[in-house]
Amino acid sequence: MGSSSKKKSMKTKVIAVVIAIAIVLVVGFLNHESFDTMLPKIASIFGIEITPETVSKPEATKKPETTGAQNGENKNTGKTADGNYTDDSMEVYFFDVGQADAILVMTGGKTMLVDTGNAGDAEVTDKLTDKINLTHELKRLGVEKIDILVATHPHEDHMGSMYKIVKAFDVEDVYITAWEEKFSKNYYDRFWEAVEEKDVHVISPTTLSEKEIKAKVKDYNSNLEEGEEKLVYNASDYIRLGDTVDFGNAVVTMIAPASAEYSDTNDYSIVFMVEFEGVRLLLTGDAGKDSEEEMLKFAEETGFNLDCDILKVGHHGSRTANTEEFIAATKPEYAIIMVEEGNSYGLPDEEPIERLEKQNTVIYQTMEVGDIKLLINDGSYQFDFSYDYEVK
């Protein structure tokens, strides 16, 4: 009887462990968490502690030769003695943060950071690690202030570390789809707490006119209890389709989102077309097919040119984005896919790759080349694959 009891007890424990692991994986998948993020949670089930720093990114395959739209020696990096960047050049860093996005753009002493990777990608630590520490890396590159911080959409692989960045840096403006009542996650709630604590100016995409927003503000204020703080309309708190953003000598245009409601969270992605010295860079977040259709419609109705030199491929190269029509309209010379080797989603999908190849687009994947530095100068641009974050 004792032996039978032990076997039943062991069986029950095994079943409980399997269920616990399954729950972690399912919840992680639904929240778009990387395996690096889920692994410590799984390990904790067995009583093993794994910090984010102990999970390293895969080694990159052989890096391609440095290349660009025009060959030739770079004449001016645009960097001054004090470490700032002049109007003569633009530097863009596509950080290899695994199955996530984190993109830094610098020009004319201005800094824009688009997304911040997963929750463990901006840890403040002195431990030796070969996993990127975004906070440390930005400081190593001389970043003291972030003029524009963009949360393309509220998934963990795009803004998991954003509250840490807000706490670590002076942030001027943050662009985010303001829908905190619809989305409640730990990293998201902590982001809003950090924004409020440091009084960061929040700018949100809207489809409403000034008159419509003022009417909503008035209605909101009329229902407040005595002593509750009233809302005040400020035109600078909103950005609309086709609006441009002040960013040095670059022209930054918001071309998505175009609607107030979507069935897919990814379609809320803020999409920016960045143009500098005639070179066009399209940053798409995880915008999917519906958003792409709206961008095509916007271009058709307004005459906006979707043609770009460099495309940050949508949704890590998923077939849920990157339609044939969108790829044909953007006609990128180069495409960057930010993706992790062996990711659980099997990305990138074959269809987007085939569509890009049909346009004779050169494709770089962070899982193959690691961090990517793009330098735009004198109307030409070059990729640098020798750049890599400094391990500290």
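The structure displayed is predicted, hence computed values, not measured ones. (Residues numbered from 1 in each chain as written. Predicted model: local features only at pLDDT ≥ 70, side-chain atom pairs only at ≥ 80, totals over all residues. Heavy atoms only, no water.)

**Topic: the overall build of the protein chain**
Under the convention used in this document: Runs of H or I in DSSP of at least four residues are treated as helices and runs of E of at least two as strands, each being numbered from the N terminus. Each residue is assigned to one of three classes by its accessible area relative to the maximum for its type, calculated with a 1.4 Å probe on protein chains only: buried under 20%, partly exposed between the two thresholds, exposed over 50%. Using the Shrake-Rupley algorithm and a 1.4 Å probe, accessible areas are obtained, with residue cover drawn only from the displayed protein chains.
Along the protein chain, the regular secondary structure elements total 11 helices and 16 strands. Looking at the 392 residues of the protein chain, the share that counts as buried comes to 51%. When the accessible area of the protein chain is evaluated, it comes to approximately 19000 Å², of which 49% is carbon and sulfur surface.

**A short note on the pairing of strand S16 (residues 380–384)**
The side chains of a regular strand alternate, first on one face of the sheet and then on the other. What counts is decided by this rule: Here, any two strands with at least 2 DSSP bridges between them count as paired.
Relative to S16, strand S15 (residues 372–377) runs antiparallel, the two sharing five bridges. Paired with Leu374 across the strands is Phe383, a residue of S16. Between the end of S15 and the start of S16, which pair antiparallel, lie two residues, with Asp378 showing a positive phi angle near 55°.

**Thoughts on the environment of Thr111**
Formally: Should any heavy atoms of two residues lie within 4.5 Å, those residues are counted as being in contact.
Tracing the chain through its elements places Thr111 in strand S3 (residues 110–114). Judged by its relative accessible area of 6%, Thr111 falls in the buried class. Spatially, the C-alpha atom of Thr111 lies 9.7 Å from that of Glu91, the residues being 20 residues apart in sequence. Ignoring sequence-local partners within four residues, the contact set of Thr111 consists of Leu104, Val105, Met106, Val143, Lys145, Ile146, Asp147, Ile148 and Phe247.

**Examining the side chain of Thr323**
Looking at where Thr323 falls in the secondary structure, it is placed in the loop between strand S12 (310–312) and helix H9 (324–330). Ignoring sequence-local partners within four residues, the contact set of Thr323 consists of Lys289, Glu292 and Arg355.

**A closer look at unusual backbone geometry**
Between Ala256 and the following residue, Pro257, the backbone shows a cis peptide bond with an omega angle of 5°. Checked against the element boundaries, Pro257 lands in the loop between strand S9 (250–256) and strand S10 (271–276). Looking along the chain, the bond that leaves Leu347 and enters Pro348 is cis, with omega of 0°. Backbone geometry at Lys331 places phi at a positive 45°, although glycine is not the residue there.

**What to know about the side chain of His316**
What counts here: Any N or O atom pair separated by 3.5 Å or less is treated as a polar contact, with the protein-specific requirement of one donor-capable and one acceptor-capable atom, and with residues adjacent in sequence counted only for side-chain atom pairs.
Summarising the element assignment, His316 is placed in the loop between S12 and H9. Among the polar contacts listed, one links the side chain of His316 to the side chain of Asp157, at a separation of 3.1 Å. Polar side-chain contacts of His316 include one of 2.7 Å to the backbone oxygen of Met338. Not counting residues up to four positions away in its chain, the partners in contact with His316 are Gln99, Ala100, Asp101, Asp157, His158, Asp286, Ile337, Met338, Val339, Leu347 and Pro348.

**Some remarks on the sheet that holds strand S5 (residues 170–176)**
Strand pairs in the sheet, formed through backbone hydrogen bonds, run parallel or antiparallel to each other. Note the following rule: Only the contacting stretch of a helix is used when fitting its axis, a line to C-alpha atoms as for every element, and angles between N-to-C directions run 0 to 180 degrees.
Across the sheet, nine strands lie side by side as S7-S6-S5-S4-S3-S2-S1-S15-S16; this open sheet has mixed pairing. The outermost strands of the open sheet, each flanked by one partner alone, are strand S7 (238–239) and S16. Strand direction decides the pairing type here: strand S2 (residues 103–107) and S3, joined by five bridges, are antiparallel. Residue pairing across strands places Val105 opposite Met112, the latter belonging to S3. Where helix H6 (residues 186–198) meets the sheet, its contacts fall on S5 and strand S6 (201–205), and the angle it forms with S5 comes to roughly 135°.

**A look at the sheet that holds S12**
Read from one edge of the open sheet, seven strands run S8-S9-S10-S11-S12-S13-S14, paired in mixed fashion. The outermost strands of the open sheet, each flanked by one partner alone, are strand S8 (244–247) and strand S14 (362–365). Pairwise comparison of adjacent strand axes, ignoring direction, gives a mean angle of 20° for this sheet. Pairing analysis gives three bridges linking S12 to strand S13 (residues 334–337), with the strands arranged parallel. Of the residues in S13, the one forming a bridge with Lys312 is Ile336.

**Quick word on a nonpolar patch on the surface**
The test is simple: Each patch groups residues whose relative accessible area exceeds 30% and which form no salt bridge, using 9 Å between like charges and 5 Å between nonpolar side chains of Val, Leu, Ile, Met, Phe, Trp and Tyr. Here a salt bridge means any side-chain nitrogen of Lys or Arg lying within 4 Å of a carboxyl oxygen belonging to Asp or Glu.
Together, Ile15, Ile19 and Ile23 make up an exposed nonpolar region whose accessible area comes to about 280 Å². Looking at where Ile15 falls in the secondary structure, it is placed in helix H1 (residues 2–30). Judged by its relative accessible area of 44%, Ile15 falls in the partly exposed class.

**Observations concerning the pattern of salt bridges**
One pass over the structure, following the stated rule, counts 10 salt bridges. The partner of Arg280 in a salt bridge is Glu275, and the shortest N-O contact between them spans 3.0 Å. Relative accessible area serves as the criterion here: at 12%, Arg280 is assigned to the buried category. Judged by its relative accessible area of 29%, Glu275 is partly exposed. Among the charged side chains, a salt-bridge network with shared partners connects Lys145, Asp147 and Glu172.

**Here we look at the confidence of the model for the protein chain**
Regions with low pLDDT should not have their predicted coordinates read in detail. Rules: Each residue gets a pLDDT score, which is the predictor's confidence in that residue and runs from 0 to 100.
Chain-level statistics for the protein chain give a pLDDT mean of 82 and a share of 73% at 70 or above. This model gives residues 49–84 a pLDDT under 50, and the stretch forms 76 contacts once residues within four places in sequence are excluded. Every residue in residues 124–129 is under pLDDT 50, and counting partners more than four places away or in other chains gives 12 contacts.

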